[in-house]
Amino acid sequence: MVQLNIADGVAEVVLNAPKKLNSLDEAALADLYKAYDDAEAAGVRALLLRGEGRAFCAGRDISGVVPADDDAYAYLGELVTPLLRKMASFPAPTFAAAQGACLGVGLGLLVATDVVYVADNAKIGSPFANLGATLDSGGHWLFTERLGAHRTLDLIYTADLMSGSEAVAAGLFSRVFPADELLESTRATVARVATGATGAFRASKELVAQIRDSRLGLWDSIEDENKAQGMLCGTDDYAEGFAAFNEKRKPSFKG
(Lines give C-alpha, C1' and ligand atoms only; values in the text may rest on other atoms or scores of the structure.)
Protein backbone atom coordinates (compact mmCIF):
# COMPACT_ATOMS: atom_id res chain seq x y z
CA MET A 1 0.00 0.00 0.00
CA VAL A 2 2.77 2.48 0.93
CA GLN A 3 6.15 2.32 -0.74
CA LEU A 4 9.32 4.21 0.14
CA ASN A 5 12.03 4.72 -2.47
CA ILE A 6 15.24 6.61 -1.65
CA ALA A 7 17.79 7.75 -4.23
CA ASP A 8 20.17 10.70 -4.52
CA GLY A 9 19.11 12.14 -1.18
CA VAL A 10 15.41 12.20 -2.11
CA ALA A 11 12.70 10.05 -0.53
CA GLU A 12 9.67 9.24 -2.66
CA VAL A 13 6.69 8.03 -0.63
CA VAL A 14 4.07 6.37 -2.80
CA LEU A 15 0.45 5.59 -1.95
CA ASN A 16 -0.01 2.47 -4.04
CA ALA A 17 -3.59 1.23 -3.87
CA PRO A 18 -4.96 2.70 -7.10
CA LYS A 19 -7.96 0.37 -7.30
CA LYS A 20 -9.40 2.00 -4.18
CA LEU A 21 -8.15 5.49 -5.06
CA ASN A 22 -5.40 5.20 -2.43
CA SER A 23 -7.92 5.48 0.39
CA LEU A 24 -6.36 4.85 3.79
CA ASP A 25 -7.26 2.24 6.38
CA GLU A 26 -5.55 1.91 9.75
CA ALA A 27 -2.76 -0.30 8.40
CA ALA A 28 -2.01 2.14 5.59
CA LEU A 29 -1.83 5.06 8.04
CA ALA A 30 0.66 3.10 10.12
CA ASP A 31 2.70 2.26 7.01
CA LEU A 32 2.73 5.91 5.98
CA TYR A 33 3.93 6.98 9.43
CA LYS A 34 6.72 4.41 9.24
CA ALA A 35 7.73 5.60 5.78
CA TYR A 36 8.29 9.11 7.11
CA ASP A 37 10.18 7.69 10.10
CA ASP A 38 12.42 5.65 7.81
CA ALA A 39 13.01 8.57 5.46
CA GLU A 40 14.01 10.78 8.38
CA ALA A 41 16.37 8.10 9.71
CA ALA A 42 17.98 7.89 6.28
CA GLY A 43 18.80 11.60 6.42
CA VAL A 44 17.18 12.51 3.11
CA ARG A 45 17.43 16.09 1.89
CA ALA A 46 13.91 16.30 0.42
CA LEU A 47 10.76 14.18 0.24
CA LEU A 48 8.06 13.71 -2.38
CA LEU A 49 4.64 12.25 -1.57
CA ARG A 50 2.48 11.00 -4.42
CA GLY A 51 -0.30 8.54 -5.25
CA GLU A 52 -0.45 5.91 -7.99
CA GLY A 53 -3.32 5.86 -10.46
CA ARG A 54 -6.03 8.39 -11.16
CA ALA A 55 -6.31 9.74 -7.59
CA PHE A 56 -3.91 11.08 -5.02
CA CYS A 57 -5.97 9.92 -2.04
CA ALA A 58 -9.75 9.72 -1.69
CA GLY A 59 -9.55 9.83 2.11
CA ARG A 60 -10.42 7.26 4.73
CA ASP A 61 -11.17 3.74 3.54
CA ILE A 62 -14.69 3.32 4.92
CA SER A 63 -15.54 0.16 2.98
CA GLY A 64 -15.34 -1.99 6.10
CA VAL A 65 -16.46 0.57 8.68
CA VAL A 66 -19.60 -0.23 10.71
CA PRO A 67 -20.99 3.18 11.73
CA ALA A 68 -22.55 1.83 14.94
CA ASP A 69 -19.12 0.67 16.10
CA ASP A 70 -17.08 3.53 14.69
CA ASP A 71 -15.09 5.75 17.03
CA ALA A 72 -14.21 8.58 14.69
CA TYR A 73 -12.59 10.61 17.46
CA ALA A 74 -10.15 7.79 18.25
CA TYR A 75 -9.45 7.14 14.56
CA LEU A 76 -8.62 10.78 13.94
CA GLY A 77 -6.96 11.58 17.25
CA GLU A 78 -4.89 8.42 17.65
CA LEU A 79 -4.01 7.65 14.02
CA VAL A 80 -4.53 10.59 11.67
CA THR A 81 -3.41 13.56 13.80
CA PRO A 82 -0.11 11.94 14.89
CA LEU A 83 0.63 11.16 11.24
CA LEU A 84 -0.08 14.74 10.17
CA ARG A 85 2.17 16.03 12.95
CA LYS A 86 4.93 13.65 11.85
CA MET A 87 4.61 14.87 8.27
CA ALA A 88 4.49 18.56 9.16
CA SER A 89 7.59 18.30 11.35
CA PHE A 90 9.69 16.36 8.84
CA PRO A 91 13.17 17.94 9.03
CA ALA A 92 13.66 18.37 5.26
CA PRO A 93 11.57 20.09 2.58
CA THR A 94 8.49 18.09 1.62
CA PHE A 95 6.52 18.20 -1.61
CA ALA A 96 3.33 16.51 -2.80
CA ALA A 97 2.19 15.81 -6.36
CA ALA A 98 -1.58 15.39 -6.28
CA GLN A 99 -3.96 14.35 -9.04
CA GLY A 100 -7.61 13.38 -9.08
CA ALA A 101 -9.36 13.00 -5.73
CA CYS A 102 -7.66 14.80 -2.80
CA LEU A 103 -10.35 14.43 -0.16
CA GLY A 104 -10.78 13.92 3.56
CA VAL A 105 -7.60 12.49 5.07
CA GLY A 106 -6.07 12.83 1.59
CA LEU A 107 -6.60 16.58 1.81
CA GLY A 108 -5.07 16.47 5.29
CA LEU A 109 -1.91 14.91 3.87
CA LEU A 110 -1.60 17.96 1.64
CA VAL A 111 -2.21 20.35 4.56
CA ALA A 112 0.74 18.72 6.34
CA THR A 113 3.08 19.03 3.33
CA ASP A 114 5.32 22.04 2.74
CA VAL A 115 4.70 22.53 -0.98
CA VAL A 116 1.81 21.07 -2.97
CA TYR A 117 1.68 20.84 -6.75
CA VAL A 118 -1.61 19.65 -8.22
CA ALA A 119 -2.81 18.39 -11.56
CA ASP A 120 -5.44 20.37 -13.39
CA ASN A 121 -7.78 17.38 -12.91
CA ALA A 122 -7.45 17.39 -9.12
CA LYS A 123 -10.70 17.33 -7.13
CA ILE A 124 -10.54 19.27 -3.86
CA GLY A 125 -13.30 20.03 -1.40
CA SER A 126 -15.48 18.46 1.26
CA PRO A 127 -17.57 15.41 0.26
CA PHE A 128 -18.78 14.92 3.82
CA ALA A 129 -22.23 16.41 3.21
CA ASN A 130 -23.00 13.08 1.54
CA LEU A 131 -21.84 11.09 4.58
CA GLY A 132 -23.52 12.88 7.45
CA ALA A 133 -20.05 13.70 8.74
CA THR A 134 -17.88 16.82 8.87
CA LEU A 135 -14.71 17.92 7.16
CA ASP A 136 -11.64 16.86 9.15
CA SER A 137 -7.83 16.48 9.02
CA GLY A 138 -7.22 20.23 8.92
CA GLY A 139 -9.67 21.02 6.13
CA HIS A 140 -11.56 23.71 8.06
CA TRP A 141 -8.30 25.48 8.88
CA LEU A 142 -7.01 25.34 5.30
CA PHE A 143 -10.21 26.50 3.65
CA THR A 144 -11.04 29.23 6.15
CA GLU A 145 -7.50 30.65 6.07
CA ARG A 146 -7.22 30.66 2.28
CA LEU A 147 -10.83 30.99 1.06
CA GLY A 148 -12.66 32.82 3.84
CA ALA A 149 -15.73 31.75 5.78
CA HIS A 150 -18.31 32.14 3.00
CA ARG A 151 -16.51 30.03 0.39
CA THR A 152 -15.56 27.46 3.04
CA LEU A 153 -19.15 26.90 4.12
CA ASP A 154 -20.31 26.94 0.49
CA LEU A 155 -17.97 24.01 -0.25
CA ILE A 156 -19.01 22.18 2.92
CA TYR A 157 -22.76 22.61 2.49
CA THR A 158 -22.86 21.75 -1.22
CA ALA A 159 -20.07 19.12 -1.41
CA ASP A 160 -19.03 20.80 -4.67
CA LEU A 161 -15.41 20.17 -5.62
CA MET A 162 -12.76 22.56 -6.94
CA SER A 163 -10.44 21.65 -9.79
CA GLY A 164 -6.69 21.84 -9.36
CA SER A 165 -6.64 25.01 -11.45
CA GLU A 166 -9.33 26.62 -9.26
CA ALA A 167 -7.54 25.58 -6.08
CA VAL A 168 -4.26 27.16 -7.14
CA ALA A 169 -6.00 30.31 -8.36
CA ALA A 170 -7.68 30.58 -4.95
CA GLY A 171 -4.35 30.23 -3.14
CA LEU A 172 -4.90 26.77 -1.65
CA PHE A 173 -1.79 25.25 -3.22
CA SER A 174 1.33 26.35 -5.03
CA ARG A 175 1.28 25.34 -8.70
CA VAL A 176 -0.91 23.50 -11.21
CA PHE A 177 0.28 21.31 -14.10
CA PRO A 178 -1.39 19.27 -16.82
CA ALA A 179 -1.95 15.81 -15.36
CA ASP A 180 0.58 14.17 -17.68
CA GLU A 181 3.30 16.67 -16.65
CA LEU A 182 2.69 16.78 -12.90
CA LEU A 183 5.01 14.04 -11.67
CA GLU A 184 7.95 14.84 -13.94
CA SER A 185 7.76 18.55 -13.09
CA THR A 186 7.49 17.92 -9.36
CA ARG A 187 10.34 15.44 -9.35
CA ALA A 188 12.58 17.96 -11.12
CA THR A 189 11.84 20.61 -8.49
CA VAL A 190 12.37 18.21 -5.60
CA ALA A 191 15.71 17.09 -7.04
CA ARG A 192 16.82 20.71 -7.34
CA VAL A 193 15.73 21.59 -3.80
CA ALA A 194 17.56 18.52 -2.45
CA THR A 195 20.85 20.04 -3.61
CA GLY A 196 20.17 23.31 -1.79
CA ALA A 197 20.92 24.68 1.67
CA THR A 198 18.52 22.41 3.50
CA GLY A 199 19.60 23.73 6.91
CA ALA A 200 18.41 27.18 5.90
CA PHE A 201 15.26 25.66 4.42
CA ARG A 202 14.53 23.98 7.74
CA ALA A 203 14.85 27.29 9.57
CA SER A 204 12.38 28.89 7.15
CA LYS A 205 10.02 25.93 7.54
CA GLU A 206 10.00 26.39 11.31
CA LEU A 207 9.49 30.14 11.04
CA VAL A 208 6.53 29.72 8.69
CA ALA A 209 5.02 27.11 11.04
CA GLN A 210 5.31 29.51 13.98
CA ILE A 211 3.55 32.27 12.04
CA ARG A 212 0.83 29.89 10.82
CA ASP A 213 0.10 28.35 14.20
CA SER A 214 0.11 31.60 16.14
CA ARG A 215 -2.36 33.10 13.70
CA LEU A 216 -4.99 30.40 13.38
CA GLY A 217 -3.93 27.40 15.46
CA LEU A 218 -3.90 24.48 13.01
CA TRP A 219 -3.61 21.82 15.70
CA ASP A 220 -6.33 23.32 17.88
CA SER A 221 -8.56 23.38 14.81
CA ILE A 222 -7.80 19.74 14.03
CA GLU A 223 -8.63 18.72 17.62
CA ASP A 224 -11.97 20.54 17.34
CA GLU A 225 -12.64 18.65 14.09
CA ASN A 226 -11.82 15.35 15.79
CA LYS A 227 -14.31 16.08 18.58
CA ALA A 228 -17.03 17.08 16.13
CA GLN A 229 -16.53 13.94 14.06
CA GLY A 230 -16.56 11.83 17.23
CA MET A 231 -19.94 13.30 18.14
CA LEU A 232 -21.37 12.89 14.64
CA CYS A 233 -20.39 9.24 14.29
CA GLY A 234 -23.13 8.32 16.78
CA THR A 235 -25.92 9.91 14.73
CA ASP A 236 -28.47 8.29 12.42
CA ASP A 237 -27.34 10.48 9.52
CA TYR A 238 -23.75 9.24 9.89
CA ALA A 239 -24.94 5.64 9.68
CA GLU A 240 -27.14 6.46 6.69
CA GLY A 241 -24.31 8.28 4.91
CA PHE A 242 -21.95 5.33 5.25
CA ALA A 243 -24.65 2.86 4.20
CA ALA A 244 -25.49 4.92 1.12
CA PHE A 245 -21.83 5.19 0.18
CA ASN A 246 -21.30 1.44 0.38
CA GLU A 247 -24.58 0.73 -1.45
CA LYS A 248 -23.77 3.35 -4.12
CA ARG A 249 -27.03 5.25 -3.67
CA LYS A 250 -28.10 8.74 -2.67
CA PRO A 251 -28.40 9.15 1.13
CA SER A 252 -31.68 10.05 2.79
CA PHE A 253 -30.84 12.19 5.81
CA LYS A 254 -33.19 12.97 8.70
CA GLY A 255 -31.25 15.99 9.94
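Residues numbered from 1 in each chain as written. Predicted model: local features only at pLDDT ≥ 70, side-chain atom pairs only at ≥ 80, totals over all residues. Heavy atoms only, no water.

Caption draft 1: Region of interest: the sheet that holds strand S7 (residues 123–125). One open sheet holds the three strands; their spatial order is S5-S7-S8, and the pairing between them is mixed. Each end of this open sheet is capped by a strand with a single partner; those strands are strand S5 (101–102) and strand S8 (161–163). Of the pairings in the sheet, the one linking S7 to S8 comprises three bridges and is antiparallel in character. Considered in S8, the bridge of Gly125 is made with Leu161. (Pairing = 2+ DSSP bridges. Helix = DSSP H or I, 4+ residues; strand = E, 2+ residues; numbered from the N terminus.)

Caption draft 2: How the structure looks around the pairing of strand S6 (residues 115–119). The buried count for S6 comes to four of five residues, which makes it a mostly enclosed element. Judged from the four bridges that link them, strand S4 (residues 94–98) and S6 form a sheet pairing that is parallel. Bridge pairing in S6 places Ala98 opposite Val118. The sheet contact formed by S6 and strand S9 (residues 175–177) spans three bridges and is parallel. Residue pairing in the sheet places Val118 in a bridge with Val176 of S9. (Buried < 20%, exposed > 50% of the residue type's maximum accessible area, 1.4 Å probe, protein only.)

Caption draft 3: Structural detail: the side chain of Ser23. One can find Ser23 in the loop between strand S2 (10–15) and helix H1 (26–41). Given a relative accessible area of 7%, Ser23 falls into the buried group. For Ser23, the side chain forms a polar contact with the main-chain oxygen of Lys20, separated by 3.0 Å. (Polar contact = N/O pair within 3.5 Å; in protein donor to acceptor, adjacent residues only side chain to side chain.)

Caption draft 4: Focus on the layout of surface pockets. Of the pockets and cavities examined, the largest pocket occupies roughly 860 Å³. Looking at the largest pocket, it is lined by 36 residues, and the ones nearest its centre are Thr113, Asp114, Lys205, Val208 and Arg212. Looking at the lining of the largest pocket, the elements with two or more residues in it are helix H2 (72–88), S4, helix H3 (105–111), S6, helix H4 (139–147) and helix H8 (198–216). At twelve residues, the largest contribution of residues to the lining of the largest pocket is made by H8. (1 Å grid on protein atoms, 1.4 Å probe; cavity = no way out; pocket = protein on both sides within 12 Å on 5 of 7 lines; lining within 4 Å. Points joined across faces, edges and corners; volume = space filled by probe spheres on them.)

Caption draft 5: The environment of Val44, seen in detail. With respect to the helices and strands, the residue Val44 is situated in the loop between H1 and strand S3 (46–51). By relative accessible area, which is 10% here, Val44 ends up buried. Sequence-wise, Val44 and Ala170 are 126 residues apart; in three dimensions their C-alpha atoms are separated by 32 Å. If we ignore the near neighbours within four places in the chain, the residues touching Val44 are Ile6, Gly9, Val10, Ala11, Ala39, Phe90 and Ala92. (Contact = heavy atoms within 4.5 Å.)

Caption draft 6: Summary view of the packing of aromatic side chains. Under the definition given, this model contains three aromatic pairs. Centre to centre, the rings of Tyr36 and Phe90 are 5.8 Å apart; their planes meet at 90°, and the pair counts as edge-to-face. Residue Tyr36 is found in helix H1, and its partner Phe90 is found in the loop between H2 and S4; the two are separated by 54 residues along the sequence. Relative accessible area serves as the criterion here: at 1%, Phe90 is assigned to the buried category. Taken together, the aromatic side chains of Phe95, Tyr117 and Phe177 make up a single cluster linked through ring pairs. Looking at Arg60, its charged tip hangs above the ring of Tyr75, at a distance of 3.9 Å from the centre. (Phe/Tyr/Trp six-rings, centres within 6.5 Å; stacked < 30°, edge-to-face > 60°. Lys NZ or Arg CZ within 6 Å of the ring centre and 35° of its normal.)

Caption draft 7: How the structure looks around a negative patch on the surface. Where like charges cluster on the molecular surface, the negative patch consists of Asp120, Asp180, Glu181 and Glu184. Judged by relative accessible area, which is 35%, Asp120 ranks as partly exposed. (Patch = residues over 30% accessible without salt bridge, like charges linked within 9 Å, V, L, I, M, F, W, Y side chains within 5 Å. Areas by Shrake-Rupley, 256 points an atom, 1.4 Å probe, with all protein chains shown as cover. Salt bridge = Lys/Arg side-chain N within 4 Å of Asp/Glu carboxyl O. Lys, Arg positive; Asp, Glu negative; His and termini not counted. Charge placed at Lys NZ, Arg CZ, Asp CG, Glu CD.)

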